[in-house]
Amino acid sequence: MNSAELKELTDEVVVALGAATDDDAVEALRIKYLGRKGILPALMKGMKDVDPSERAAMGIAANELKNAVTDGVAKRKDELAAMNDSEEVSSGFDCSLPGRWHGLGSMHPITMVIEEAIRIFGKLGFVVAEGPDVETHYNNFEALNTPPHHPSQDERDTFWLHTGELLRTQTSPVQIRTMNEQKPPVRIITPGRCYRRDTTDATHSANFHQIEGLYIEAERKVSLADLKSTMAYFAKEMMGDNVEVRFRPHFFPFTEPSVECDFTCHVCGGDGCRVCKQSGWIEIAGAGMVDPRVLERVGYDPETTTGFAFGMGIERIAMIKYGINDIRHLYENDMRFLAQF
Ligand code: PHE
C-alpha cells in the first residue's frame, strides 16, 4: 500500500462512519481500523519494510487515518445520541414542555353534607359509628320491633341476598349493633348507604344515604324536647338561620312517639317547586323516642333508660342546601355538574 492508497482509505472510513446507524456499527469500524488486529497496527508493523523514500509520507498518511477514525468515531457517537433524543420528541414526549392542567378535584355534595353533619353533631358530643351494608334480617327489622307484616318488610321493597341476608333498608340497624356493644350513655351518628327497591325519579333512588342518630341516657330522662332542639340546631347549622323546621306525628315500629321532621325547601324558598312537590317543605328525617321494646332487646333496662333516634336523608339535605333539582345528578358523575361544588 502506498500513501495515496492510504489517503483513499481514510476517505472511505469517513464515509462509512457517516453511514453507520447505531453505536454497534460505529464500534465495529473502530475495531476494524484501530483494534489490536486491525488495519492500522498492521500498517505500523509493516512500516519498516516500506521504501525509505516513501516512509515519511506513509507515516503522515497513517497518522491521518488514525486521527480520522478516532475523531470520526467520537463525532458519530455524539450525532447518534442527539438523534435518539430528538426521536423522543417526535414520539410525543418532551420533558421541556410545560405540564398540562387537569383542574382540581372537589368533594362530592354527598360527602360534603356528611362531613358537615359530623362536624355539627360532633359539637353536641355525638361520635361516628358504622355498620355494614349487608345486614341480617334480625338487625334490620326484628330487633327494631318491625313485625313481619310491616310494609317495609315487603319482598318487593328490600334487596334480599341468597344467604338470607339483605342490603340494609335504613341505617337504623347500627342502633342495634351499637347498643349490643355498649352501655348507656350513647351518642352516635352513623352516615352510610341504604338500599330500597324504589323506582328512580327526581327525588327517589334505589341506593341512597342516611345519617342515623341515637342518643340514650340511663341517668337522666331524655324527652321529645331534646330531640326537637337537636334537630332544630342541626337544621340551622346546616342550612342557615332562615330554615324553618316542623314536626309531624308519624309511625315507626322502633320509636314511640314517632315524628317526621321537615325543613323548608331552599330550592324555592318555601314557595313550592318540583323538589318539594309544591308544598314548600321537604321531608328530611324520621325520628322519635326509642321504643322500650327495642331497649329491652339490647338488654337495656326500659324502666330507667330513655333516648331518641333519628334517620335523615342525606340526598334530600344536599338537594335543598345546594339547589339540586334532581337526585339523579348526584349519581351520574357528570363533570359539568360536579365541577360546581
Ligand atoms: N329508619 C327510618 C327510615 O328509614 C328513619 C328513622 C330513624 C325513624 C330513627 C325513627 C328513628 O325511614
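Conventions and cut-offs
Residues numbered from 1 in each chain as written. Predicted model: local features only at pLDDT ≥ 70, side-chain atom pairs only at ≥ 80, totals over all residues. Heavy atoms only, no water. Helix = DSSP H or I, 4+ residues; strand = E, 2+ residues; numbered from the N terminus. Rg over C-alpha atoms; globule rule 2.2 N^0.38 Å. Contact = heavy atoms within 4.5 Å. Lys, Arg positive; Asp, Glu negative; His and termini not counted. Charge placed at Lys NZ, Arg CZ, Asp CG, Glu CD. Expected span 1.5 Å × (residues − 1). Buried < 20%, exposed > 50% of the residue type's maximum accessible area, 1.4 Å probe, protein only. Arc of directions from axis to C-beta. Polar contact = N/O pair within 3.5 Å; in protein donor to acceptor, adjacent residues only side chain to side chain. Salt bridge = Lys/Arg side-chain N within 4 Å of Asp/Glu carboxyl O. Domains from an automatic or database assignment. Pairing = 2+ DSSP bridges. Axes fitted to C-alpha atoms, helices over the stretch in contact; angles between N-to-C directions. Near = heavy atom within 4 Å. Areas by Shrake-Rupley, 256 points an atom, 1.4 Å probe, with all protein chains shown as cover. Nonpolar A, V, L, I, M, F, W, Y, C, P; charged D, E, K, R; others polar. Phe/Tyr/Trp six-rings, centres within 6.5 Å; stacked < 30°, edge-to-face > 60°.

Looking only at helices and strands, one finds 12 helices and 9 strands in the protein chain. Its C-alpha radius of gyration of 41 Å places the protein chain more than 25% over the 20 Å reference for a compact globule of 341 residues. For the protein chain, the share of sequence-separated contacts (at least 6 apart) that also reach a separation of at least 24 residues comes to 68%. The average position of the 37 basic charges and that of the 52 acidic charges among the side chains of the protein chain differ by 1 Å.

A few words on helix α1 (residues 3-19). Note on helix geometry: an α-helix contains 3.6 residues per turn, so any two residues three or four positions apart are oriented the same way. Look at α1: 25 Å from first C-alpha to last across 17 residues, which is about the 24 Å you get at 1.5 Å a residue. Residues Ser-3, Leu-6, Leu-9, Thr-10, Val-13 and Leu-17 constitute the buried set of α1. The arc enclosing the buried residues of α1, seen along the axis, measures out at 105°, which places them on a common side. Of the exposed residues in α1, the ones pointing more than 90 degrees away from its buried face are Glu-8, Asp-11, Val-15 and Ala-19. Two or three places before Ala-4, at the opening of α1, Asn-2 has a side-chain oxygen 3.2 Å from that residue's backbone nitrogen.

Moving on: the pattern of salt bridges. Applying the stated criterion across every chain yields a total of 17 salt bridges. When the shortest N-O distance is used, the salt bridge between Arg-246 and Asp-262 registers 2.8 Å. Of this pair, Arg-246 sits in strand β6 (residues 245-252) while Asp-262 sits in strand β7 (residues 255-264); the two residues are 16 residues apart in sequence, bridging distant segments of the chain. Assessed through its relative accessible area of 30%, Arg-246 is described here as partly exposed.

Quick look at the domain arrangement of the protein chain now. Accessible area lost when the parts come together is the quantity often used to give the size of an interface. According to the domain assignment, the protein chain consists of domain 1 (3-90) and domain 2 (109-338). Using only C-alpha atoms to locate each centre, domain 1 and domain 2 end up separated by 86 Å.

Moving on, we come to the sheet that holds β7. The strands making up a sheet are joined through hydrogen bonds of the backbone, oriented either antiparallel or parallel. Ordered in space as β1-β4-β5-β9-β8-β7-β6, the 7 strands form an open sheet in which the pairing is mixed. For this open sheet the edge positions go to β1 (127-128) and β6, each flanked by a neighbour on one side alone. Strands in contact with helix α8 (residues 224-239) are β6, β7, β8 (281-290) and β9 (306-313); relative to β9, the strand with the most contacts, it is inclined by about 30°.

Let us now look at the environment of Val-243. Along the chain, the position of Val-243 falls in the loop between α8 and β6. Classification of Val-243 as buried rests on a relative accessible area of 0%. Along the backbone, Val-243 and Ala-232 are 11 residues apart, and their C-alpha atoms lie at a distance of 9.0 Å. Look past the residues within four positions of Val-243 in its chain and what remains in contact with it is Ala-235, Lys-236, Phe-263, Thr-264 and His-266.

Looking at the ligand, there are 14 residues lining it, with Gln-170, Ser-172, Arg-196, Gln-210 and Gly-311 nearest. In the environment of the ligand, a nitrogen atom lies 2.9 Å from a nitrogen or oxygen atom belonging to the side chain of Ser-172. Interatomic distance of 2.8 Å between a side-chain N/O atom of Arg-196 and an oxygen atom of the ligand. In isolation the ligand exposes 330 Å². Once the protein is present, 92% of that is buried. Every element with two or more residues in the shell around the ligand is listed here: β5 (207-217), β8 and β9. Each residue belonging to the shell around the ligand can be placed in one class, and the counts come to 5 nonpolar, 7 polar and 2 charged.

Counting buried positions along β8 yields 8 of 10 residues, so the element is predominantly enclosed. Pairing of β7 with β8, which is carried by 8 bridges, proceeds in the antiparallel orientation. Across the sheet, residue Thr-255 finds its bridge partner in β8, namely Val-290. Inspection of the sheet shows β8 paired to β9 by 5 bridges, in the antiparallel sense. Paired with Gly-286 across the strands is Gly-311, a residue of β9.

A few words now on the packing of aromatic side chains. Overall, the coordinates contain 9 aromatic pairs when judged by the stated rule. Where Phe-121 meets Phe-310, the ring centres are 5.2 Å apart and the plane angle is 25°; that geometry is what we call stacked. Here Phe-121 is found in helix α5 (residues 109-123), whereas its partner Phe-310 is found in strand β9, with 189 residues between them in sequence. Phe-310 shares its class with Phe-121; the two are buried. Taking the centre distance of 6.4 Å and the plane angle of 25° together, the rings of Phe-308 and Phe-310 count as stacked.

Moving on to the side chain of Glu-135. Within the secondary structure, Glu-135 is located in strand β2 (residues 134-135). By relative accessible area, which is 1% here, Glu-135 ends up buried. Separated by 3.1 Å, the side chains of Glu-135 and Asn-139 make a polar contact. Side chain to side chain, Glu-135 and Arg-177 meet in a polar contact 2.5 Å long. Not counting residues up to four positions away in its chain, the partners in contact with Glu-135 are Asn-140, Glu-165, Leu-166, Arg-168, Pro-173 and Arg-177.

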